[in-house]
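Inside the fold
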Amino acid sequence: MNKLLTTQQKNNVLSTMAQLIDQEQALIVAANTIDVESYNGDDLAMEKRLKVDDAKIAGMILSLNQLVADSEPIGKELYNFTHENGMNMINKTAPFGTVLIIYESRPDVTVEAAGIAFKSGNKILLKGGKESLNSNLKIVELWHKALTKHNISTDWVEYLNYDRVKTQAFLENPTQQLDLIVPRGGERLIEFVKKNAKCPVIVSGRGNNFVYVDSEADLDVALNIINNGKTSNISVCNAVDKVLINSKLENKDQFIKTLVDKLLESNVEILGDAVLSTYDNVSEYDNESIWYKEFLDYKIVIGSVNSTEEAIAKSNKYSGGHSAVIITKNDETAEIFMENTDCAAVYQNASSRFTDGGQFGLGGELAISTDKLHHRGPMGLHHLVTNKWYVKGNGQIR
């Protein structure tokens, strides 16, 4: 195993990596252009995640600089206990060891997720999708330049240029130490990793996020939050896919008509249950299973509920456990919804689009975990750690 690096060594590499991305921006975009032009799929969300533009380059540089500025995540004391026999027992944060990140289409993950894993003391294995291969190889080349400049082995960041068969074989029988896997992508990728992996997997799960418009909602707030959640970026897991509207909402008919008109401005396909599909431009869905689906597209389902309890039950049954929103002026109702809705992040009168490591003050994120062990929600630098006990004695026996 690689010897642990000092904070200064890690920060030096991260700072150099930020400089290299800035200097080599044109070459990164050129490599990415090959990937974008070669992509022949019809997945709008994947194509959007694939493209690297000036804003994404700026985001990569910002994430690296934020990691440099952040405190050291390794060696933090969590617990200190002196045994009655005199032994001192200390629990401190420690690296996992080797982290494999498997992801689809997003070249920025090659910078941001790898940077988080690196500063938290882990060796990184990157397995990106074939659709972003040129972009990823160029970025890994820069990682190796940054490591080499500071006389650190390039083994710390390794790219696995494997097809699906080789990836499966590696997951089942790793040819090197593998301590943790983080899959970032659609449900098919996550299921593939969970099925084949022989080590712990942190699931960066599906969104399928719900907004519940309570009977005491501010209708302008509801309109803005739903529109933002659905149309600002359809390719992200914190987007809105389902809206539940309380049947007792005052001016409900006008609100629904206004909401439909607003969504149609962005060409959103609107599906509704038996109650709400009676409105103009709302189509009734064919199958109840649509409530389980994360769309990553200009599509939304709206439905009617008679109570907060019904909204909670529906969200808990169908959502991905990612984010849920209640729109209400009643704080007691909000508290009931937020305490009982089983999601990593719950909101009152704010957009689910804020479920993001940067927005949560983490500087960036490795993933947004919908698991409950060992971490839930946006997973930043200080979450990609395990712990280790240090026990010091002077001959004690039991």
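A brief look at the structure comes next. (Residues numbered from 1 in each chain as written. Predicted model: local features only at pLDDT ≥ 70, side-chain atom pairs only at ≥ 80, totals over all residues. Heavy atoms only, no water.)

With respect to unusual backbone geometry
The omega torsion across Leu373 and His374 is -5°, close enough to zero to call that bond cis. Mapped onto the secondary structure, His374 falls in the loop between β14 (367–369) and β15 (377–379). For Asn267, which is not glycine, the phi dihedral falls at a positive 60°. Counting through the fold element by element, Asn267 comes out in the loop between α10 (252–264) and β9 (269–272). With a relative accessible area of 65%, Asn267 lands in the exposed category. (Helix = DSSP H or I, 4+ residues; strand = E, 2+ residues; numbered from the N terminus. Buried < 20%, exposed > 50% of the residue type's maximum accessible area, 1.4 Å probe, protein only.)

A short note on the sheet that holds strand β4 (residues 123–127)
Sheets are built from strands that pair by backbone hydrogen bonding, the pairs being arranged parallel or antiparallel. Strand order in the open sheet made by the 4 strands is β5-β4-β3-β6, with parallel pairing throughout. Every other strand in the sheet has two partners, leaving β5 (157–159) and β6 (180–184) as the edge strands with one partner each. Pairwise comparison of adjacent strand axes, ignoring direction, gives a mean angle of 20° for this sheet. When β4 meets β5, the two strands line up parallel, connected through 3 bridges. (Pairing = 2+ DSSP bridges. Axes fitted to C-alpha atoms, helices over the stretch in contact; angles between N-to-C directions.)

Things to note about the packing of helix α5 (residues 109–119) against helix α6 (residues 133–149)
Two elements in contact, α5 and α6, have axes separated by 10 Å at closest approach and are oriented at 35°. The two elements α5 and α6 cross, and the hand of that crossing is right-handed. Side by side, α5 and α6 meet where Thr110, Val111, Ala114, Gly115 and Phe118 of the first sit next to Asn136, Ile139, Val140, Trp143 and Leu147 of the second. Residue composition of the contact of α5 with α6, by class: 7 nonpolar, 3 polar and no charged. (Left-handed = near helix turned anticlockwise from the far one by under 90°. Contact = heavy atoms within 4.5 Å. Nonpolar A, V, L, I, M, F, W, Y, C, P; charged D, E, K, R; others polar.)

Looking at the nonpolar core
Ranked by size, the top nonpolar core spans 44 residues in total, and within it Met17, Ile21, Ile101, Leu126 and Trp143 carry the most contacts. Listed by contribution, the elements that provide at least two residues to this core are α1 (7–23), α4 (54–69), β3 (98–103), α5, β4, α6, β5 and β6. Here this core takes 7 residues from α5, the largest share from any one element. Setting aside anything within four residues of it in sequence, one finds Met17 in contact with Leu64, Val111, Ile139, Leu142, Trp143 and Ala146. If you look at the next biggest cluster of nonpolar residues, it comprises 27 residues, including Val240, Ile270, Ile302 and Tyr347. (Core = buried A, V, L, I, M, F, W, Y, C linked by side-chain atoms within 4.5 Å.)

Concerning the environment of Lys194
Structurally, Lys194 can be placed in helix α8 (residues 187–196). By relative accessible area, which is 46% here, Lys194 ends up partly exposed. A C-alpha to C-alpha distance of 44 Å links Lys194 and Glu84, two positions 110 residues apart in sequence.

Things to note about the pairing of strand β12 (residues 323–327)
Within β12, 5 of the 5 residues are buried, which leaves it mostly tucked inside the rest of the structure. Covered by surrounding structure in β12 are Ser323, Val325 and Ile327 together with Ala324 and Ile326, the residues of both alternating faces. Examined bridge by bridge, strand β7 (residues 209–213) and β12 share 4 bridges and lie parallel to one another. Opposite Tyr212, over in β12, you have Ile326 as the bridge partner.

Describing the state of the cysteines
All told, the structure shown has 0 disulfides when counted by the stated rule. This cysteine, Cys237, is not joined by any disulfide, and Cys343 carries the nearest cysteine sulfur, 12 Å off. Judged by relative accessible area, Cys237 falls into the partly exposed class, the value being 24%. (Disulfide = S-S within 2.5 Å.)

A look at the sheet that holds strand β8 (residues 240–246)
The strand order across the open sheet built from 7 strands is β10-β9-β11-β8-β7-β12-β13, with neighbouring strands paired in parallel fashion. In the strand order of this sheet, the two ends are held by β10 (283–284) and β13 (345–348), each with one partner. Direction of pairing for β12 relative to β13: parallel, over a ladder of 4 bridges. Bridging across to β13, Ala324 finds its partner in Val346. Against the sheet, helix α11 (residues 308–318) contacts β7, β8, β11 (299–305) and β12, and its axis sits at roughly 175° relative to β7.

Some remarks on the pattern of salt bridges
Opposite charge on two side chains lets them pair, provided their charged atoms get close. Applying the stated rule across the entire model yields 9 salt bridges. The salt bridge involving Glu158 is made with Lys123; its shortest N-O contact spans 3.6 Å. With Glu158 in strand β5 and Lys123 in strand β4, the pair connects residues that are 35 residues apart, well separated along the chain. Residue class for Glu158 comes out partly exposed when judged on its relative accessible area of 26%. The buried category is assigned to Lys123, whose relative accessible area is 14%. Residues Lys262 and Glu265 are paired through a salt bridge, measuring 3.6 Å at the closest nitrogen-oxygen approach. By relative accessible area, Glu265 is classed as exposed at 59%. Residues joined by salt bridges that share partners form a network here, namely Lys138, Glu141 and Lys145. (Salt bridge = Lys/Arg side-chain N within 4 Å of Asp/Glu carboxyl O.)

Focus: the side chain of Thr328
As for its position among the elements, Thr328 is in the loop between β12 and α12 (331–340). Judged by relative accessible area, Thr328 falls into the buried class, the value being 1%.

From the geometry alone we can't say anything about function, so treat these as descriptive.
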